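# Examination of the molecular architecture
The chain contents come next:
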Amino acid sequence: MTMALLDTYERAQLQAISDVAYGNPFLPEYPERQRVVLGDDFLESQALWNMRGDDIDAPLVDPATIAARIEPLVGTLRERLAQGAPANDSVFSLYEDAVLYLLFYRYESAFYGVIARAMEAKQTTCRFYTDFLRDWTYYFHLPSQKVPTRHEAAHIFACFYQVRRAFHHIFRYVIGGSMAAAQLRAAIWQSIFTHDMRRYRRILYERMGDFNTLITGPSGTGKELVASAIGLSRYIPFDPETMTFTVNYNTIFHALNLSAMPSTLIESELFGHRRGAFTGATQHRQGWLETCHALGTIFLDEIGDLDAGVQVKLLRVLQTRMFQPLGDTVDRRFHGKLIAATNRDLAQAMEQGQFREDFYYRMCSDLVVTPSLYEQLQEAPEALYSLITFIAHRIIGPEADILAAEVTDWIHKHLGDDYPWPGNIRELEQCVRNVLIRQAYDPPKRQAQTSHDRLTQALRQCTLTADELLRHYCNLVFAQTGSYAETARRLDLDRRTVKSKIDPETMF
Ligand SMILES: Nc1ncnc2c1ncn2[C@@H]1O[C@H](COP(=O)(O)OP(=O)(O)OP(=O)(O)O)[C@@H](O)[C@H]1O
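Predicted, not measured: the structure shown is a model, and the values here were computed from it.

A few words on the overall build of the chain. Counting its secondary structure elements, the chain contains 22 helices and 11 strands. Compactness check: the chain gives a C-alpha radius of gyration of 26 Å against a globular reference of 23 Å for 508 residues, within 12% of the reference. Principal-axis analysis of the C-alpha atoms places the extent of the chain at approximately 95 × 60 × 45 Å. For the chain, the proportion of its 508 residues judged to be buried stands at 52%. Considering only intrachain contacts with a sequence separation of at least 6, the fraction spanning at least 24 residues in the chain is 70%. In the form shown here, the chain has an accessible surface area of approximately 23800 Å², with 51% of it arising from carbon and sulfur atoms. For the chain, the separation between the mean place of its 53 positive charges and that of its 62 negative charges on side chains is 5 Å.

Before going further, it helps to spend a moment on helix α6 (residues 153–173). An ideal rise of 1.5 Å per residue puts 30 Å on 21 residues; α6 measures up with 30 Å between its terminal C-alpha atoms. Within α6, 20 of the 21 residues are buried, which leaves it mostly tucked inside the rest of the structure.

A few words now on the environment of H284. Structurally, the position occupied by H284 is in the loop between β5 (272–273) and β6 (285–286). Put simply, H284 and L326 are 42 residues apart on the chain and 9.8 Å apart in space, counted from C-alpha to C-alpha. Setting aside chain neighbours within four positions, we find H284 in contact with H273, R274 and R275. A distance of 3.2 Å separates the side chain of H284 from the backbone oxygen of H273, its partner in a polar contact.

The next subject is the sheet that holds strand β7 (residues 297–301). In spatial order, the strands read β4-β7-β10-β1-β11; together these five strands make up an open sheet with parallel pairing. At either margin of the open sheet sits one strand with a lone partner, and together these are β4 (253–257) and β11 (366–369). Averaged over all neighbouring strand pairs, the angle between strand axes comes to 20 degrees, with direction disregarded. Bridge count between strand β1 (residues 213–216) and strand β10 (residues 337–342): four bridges; the pairing is parallel. What sits directly across from T213, in β10, is I339. Together, β1, β4, β7, β10 and β11 form the strand contacts of helix α9 (residues 223–231), whose direction differs from that of β10 by roughly 165 degrees.

Right, let's talk about unusual backbone geometry for a bit. You will see that R321, though not glycine, has its phi angle at about 65 degrees, which is positive. With respect to the secondary-structure elements, R321 resides in the loop between α12 (308–320) and β8 (322–323). A positive phi is found at E399, a non-glycine position, where the angle reads about 65 degrees. By secondary structure assignment, the location of E399 is in the loop between α16 (383–396) and α17 (400–414).

Before going further, it helps to spend a moment on the site of the ligand. Residues in contact with the ligand amount to 18 residues; listed here are only the nearest, S219, G220, K223, R426 and E429. Between the ligand and E224, the relevant distance is 3.0 Å, taken from an oxygen atom to a main-chain nitrogen or oxygen of the residue. Here an oxygen atom of the ligand and a backbone polar atom of L225 are 3.3 Å apart. Within the complex, the protein chains bury 87% of what would otherwise be the 630 Å² of accessible surface of the ligand. Elements represented by at least two residues in the shell around the ligand include exactly α9 and α18 (424–438). Of the residues that constitute the shell around the ligand, the class distribution is six nonpolar, five polar and seven charged. For the shell around the ligand, the two domains that each supply at least three residues are domain 2 (223–369) and domain 3 (373–438).

Under the UniProt annotation, the feature "domain: Sigma-54 factor interaction" (unreviewed entry) is placed at residues 174–437. Secondary structure within residues 174–437 divides into 45% helix and 14% strand; the distance between the first and last C-alpha atoms comes to 25 Å.

For the rest of this paragraph, the subject is the environment of F42. The topology assignment puts F42 in the loop between α2 (30–38) and α3 (61–82). Judged by relative accessible area, F42 falls into the buried class, the value being 9%. Measuring from C-alpha to C-alpha, the distance between F42 and V61 comes to 9.0 Å, with 19 residues separating the pair along the chain.

We now examine the packing of aromatic side chains. In this structure the tally under the stated criterion is 36 aromatic pairs. Judged by centre distance (4.5 Å) and plane angle (55 degrees), the rings of F157 and F238 are tilted. Of this pair, F157 sits in helix α6 while F238 sits in strand β2 (residues 238–239), and the two are 81 residues apart along the sequence. On the basis of relative accessible area, F157 is assigned to the buried category, the value being 0%.

Calculation notes
- Residue positions are counted from 1 within each chain, in the order its sequence is given.
- Side-chain atom pairs in this predicted model are given and counted only at pLDDT of 80 or more, local residue features only at pLDDT of at least 70, and totals for whole chains, interfaces and linings cover all residues.
- Based on all heavy atoms of the structure, the side-chain values leave hydrogens and waters out of the count.
- Numbering of helices and strands runs from the N terminus, with a helix taken as a DSSP run of H or I at least four residues long and a strand as a DSSP run of E at least two residues long.
- Here the globule rule is a power law, 2.2 Å times the number of residues to the power 0.38, and the radius of gyration is based on C-alpha atoms.
- Exposure is judged per residue with a 1.4 Å probe applied to protein chains only, and the accessible area is read against the type maximum: over 50% gives exposed, under 20% gives buried, and values in between give partly exposed.
- Contacts are residue-level and defined by heavy atoms, with any inter-residue pair within 4.5 Å sufficient.
- For the area figures, the Shrake-Rupley method with a 1.4 Å probe applies, and any residue is considered shielded solely by the protein chains shown.
- In this tally, Asp and Glu contribute negative charge and Lys and Arg positive charge; neither His nor the terminal groups of the chain are included.
- Taken as the charge location is NZ of Lys, CZ of Arg, CG of Asp or CD of Glu.
- A helix's residues, less one, multiplied by 1.5 Å, set its expected span.
- Distance and chemistry together define a polar contact, namely a pair of N or O atoms within 3.5 Å, with one atom able to donate a hydrogen and the other to accept it when in protein, and with adjacent residues in sequence counting only for side-chain atoms on both sides.
- A strand pair is defined by DSSP finding two or more bridges across the two strands.
- To get an axis, fit a line to the C-alpha atoms, keeping to the stretch in contact for a helix; angles then go from 0 to 180 degrees between the N-to-C directions.
- The cutoff for a nearby residue is simple: one of its non-hydrogen atoms must lie within 4 Å of the molecule or strand.
- Residue classes follow a fixed rule: Ala, Val, Leu, Ile, Met, Phe, Trp, Tyr, Cys and Pro count as nonpolar, while Asp, Glu, Lys and Arg count as charged, and any other residue, Gly among them, counts as polar.
- Start and end points for every domain follow an automatic or database-based domain assignment.
- UniProt positions are given in the numbering used here, feature names are shortened, and annotations may be inferred rather than shown by experiment.
- Any pair of Phe, Tyr and Trp rings, taking the six-membered ring for Trp, is counted once the centres come within 6.5 Å. Such a pair is stacked with planes under 30 degrees apart, edge-to-face with planes over 60 apart, and tilted for the rest.

Pasting the structure below:
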């Protein structure tokens, strides 16, 4: 009688590991997957979807425990396969998933070393690829049968590097212990790898540049940081001959703030120009779209402010990936990825004819929304302290806990627990700095107060139409809450109606 290749328990363990390996690590349900594998050994505080503390790159306990636990099981399965035990696709696939999980954590710190060196503009020869390749061969090239993995070792090596970079950048750039912040991290992960990591690894990894990403959310909520996390975590091929990654990820992300530039400068920055294209164009100049590396990213901040003429030209890039420098008639191709951000309500801007619909629909195949600080604190008031600790740590390093306690106390006494943080995390950062230096923070003069006075006056004089009244009231509540969702909840209106009434640029 031939013995089954896997008993029920082993199969269940491998299936649980496969679920862990392919889940979005920042989603709140993810810890449950880890718990299935680890049982009582699972450490809730280490759950990946939590914000990381002081050291964002400290080794993670739960994944390391999982890797240690599966190693003997993977070894046993390898022995059985090596002895020629017949296996079907489902067993091979579980085996492959577990081996890749094991190998990722075996080399995780070595990959981090490559990330750190790239930050210092140094290129690393990844000698540990030799060890990786030895392990790869050990697990996948068995004496009596070749495990049918569809991947090359170098490709998986590149995928591991990308996953490690994504962890690093997401933790580095997106802070916050609320569910809203965790979901933002999960959305970034999805924007990088899509919801299906297997398909990503098979085919999509080299096509993500074709998908544009649009980031929306109030000012100061980290839209540029989200864009950096996505742009710096793109797939970069590994060259096994030279044992190097083909480009330094740290050199291929370019941010352009459109609201800070006149439209002619935007055009020339983006598309480039020929000599004599306009007065002052004394030299031929390549634009960002031309110089952008194929694995690179151009980030267009404040896209809502883009002039209609530039929108048309950019639309062509979005549709055909082609463009012409100013004064030129020859088409050039854009090879990178485009990410845009805005804090404007684009739905309203389109309604008012200020923003082209076709442009919007070309941008929104991948939409990421950053939550306001107020929204985060409504849901998890305790998140304020951890945010402050994180910021304090970034500002002064040692004694961050003491500063955090001082700032939290100050906020509690002087701003109150319901302060709306209209400037979001950017404002919180300034508040921490101010309390550090002056032991006080004066919030910028709140528009809400003036709004309130004007509304009261208009109400006394009975001069408002019903629509004006609603509009003003929406703006007033929005100024207090800083959140469309919360305003809609308080007014018992739907979010779209609220959005259509609010103009954050010229709040009443
Ligand atoms: N989620 C966040 N995590 C960490 N820091 C943040 C976050 N959001 C904002 N910050 C801090 O606020 C600063 C501003 O962030 P960023 O420029 O990304 O905001 P933004 O949403 O693009 O704002 P704007 O719409 O005004 O351009 C950052 O430099 C960072 O210090």
